[in-house]
Amino acid sequence: MYADGFGFEIFTLGGSDYAWKRIPGPFKSFRERPFRLGDFKWSDPVSINGQVFHWYVQSNRYIVSRDISDEIPRKTFLPRQHKRNKHRFVFLEMGGKLALLYYVYSTQTDVWILEDFPGKIWIKTHSIIAEEIKYTTNSYLPDFFSLFAVAPLRDCEVLIFRHRNNNYISVYSYLYDMRQRELKMTKNMIMKNGSKLIHHRSSLIQWKNEEVVAKRLASLTSP
C-alpha cells in the first residue's frame, strides 16, 4: 500500500520489466477513508487460496478485497442482519472461504461465511451460544468479548480461541467443537498478544508408495 492507503504496488515474478506496478486503491478521495491515519495501519490480509485478499479497514460496513485475476480493489460489504460494531469483528479463512466471527452479545458469537465472493453473499452457518455449550472438566466460559478466534482446525469443525487480556502473555486458550458444541480449555498453548497462529500440515506432498519415497530420498542425498 502507498500514499496513505490510496493504492497498491504489485510485483509479479517473471514480469517483462521486473518492476513494481501501481494500481489505484478503493478510495477516490481521502474523505472516503473509514479510518484516520494516526489510528490505523494496514495489516496482513486474509488470503483465500492465494487468489483473493481481504483487508480490515476499521469500517462497520465493508472490508477491502482484491482478486489477483483482475487486480482491482473492491469494497466487500458485510452482512446487514446486525447493527455492527467494528470492534467486534474477527476475520478468518475457513475451508477456502472468508469467515466473519461477530460478537453479538457477551454470550453469543455468530459465524458468517462469504459463500459467494463475486455476488457478495454471506450465510450465517453457526451461532456459539453460552447456554448451549457443553463444558469439559475444569472449563469455564469467560465473557465472549474476551475470546479472540485465531484459527480453525479439523476441516473447520474446531475453532481455537485465545483469551484476550491486557497482559503481554495470554495463558488460557480454548478449543470449541462446532459440531458437538463443546468447549475445552487448555493452559499449554501460551500465545503472546499480537502473535499469529498459522495452521501447519507436516507435508505438502502425499507420497504414493515406498518406491517414490526411495527415489526422492536418493535424489536429495546424491552429490
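Structure: above.
Residues numbered from 1 in each chain as written. Predicted model: local features only at pLDDT ≥ 70, side-chain atom pairs only at ≥ 80, totals over all residues. Heavy atoms only, no water.

Engineer: For a nonpolar patch on the surface, give the residues involved together with the corresponding values.
Structural biologist: Taken together, Phe11, Leu13, Tyr18 and Trp20 make up a surface patch of nonpolar side chains, about 540 Å² in accessible area. A relative accessible area of 32% means that Phe11 is categorised as partly exposed. (Patch = residues over 30% accessible without salt bridge, like charges linked within 9 Å, V, L, I, M, F, W, Y side chains within 5 Å. Areas by Shrake-Rupley, 256 points an atom, 1.4 Å probe, with all protein chains shown as cover. Salt bridge = Lys/Arg side-chain N within 4 Å of Asp/Glu carboxyl O. Buried < 20%, exposed > 50% of the residue type's maximum accessible area, 1.4 Å probe, protein only.)

Engineer: Before we move on, can you summarise the sheet that holds strand 8 (residues 97–105) with the specific residues and values?
Structural biologist: If you trace the 4 strands from one edge of the open sheet to the other, you get 7-8-9-10, paired in antiparallel fashion. Of all the strands in the sheet, the pair left with one neighbour each is strand 7 (89–94) and strand 10 (121–129). Between one strand axis and the next, the sheet turns through 25° on average, direction left out of account. Looking at chain direction, strand 7 and strand 8 are connected through 6 bridges and run antiparallel. Bridging across to strand 8, Phe91 finds its partner in Leu100. (Pairing = 2+ DSSP bridges. Helix = DSSP H or I, 4+ residues; strand = E, 2+ residues; numbered from the N terminus. Axes fitted to C-alpha atoms, helices over the stretch in contact; angles between N-to-C directions.)

Engineer: Can you lay out unusual backbone geometry for me, pointing to particular residues and giving the numbers?
Structural biologist: Trans is the prevailing form of peptide bonds, just as negative phi is the prevailing case for residues other than glycine. The residue Lys120 is not glycine, and still its phi comes out positive at about 55°. With respect to the element layout, Lys120 can be found in the loop between strand 9 (108–116) and strand 10. A positive phi angle is found at Arg181, which is not glycine, with a value near 55°. Since its relative accessible area comes to 26%, Arg181 is described here as partly exposed.

In short, the description is geometric, and any link to function would need to be established separately.
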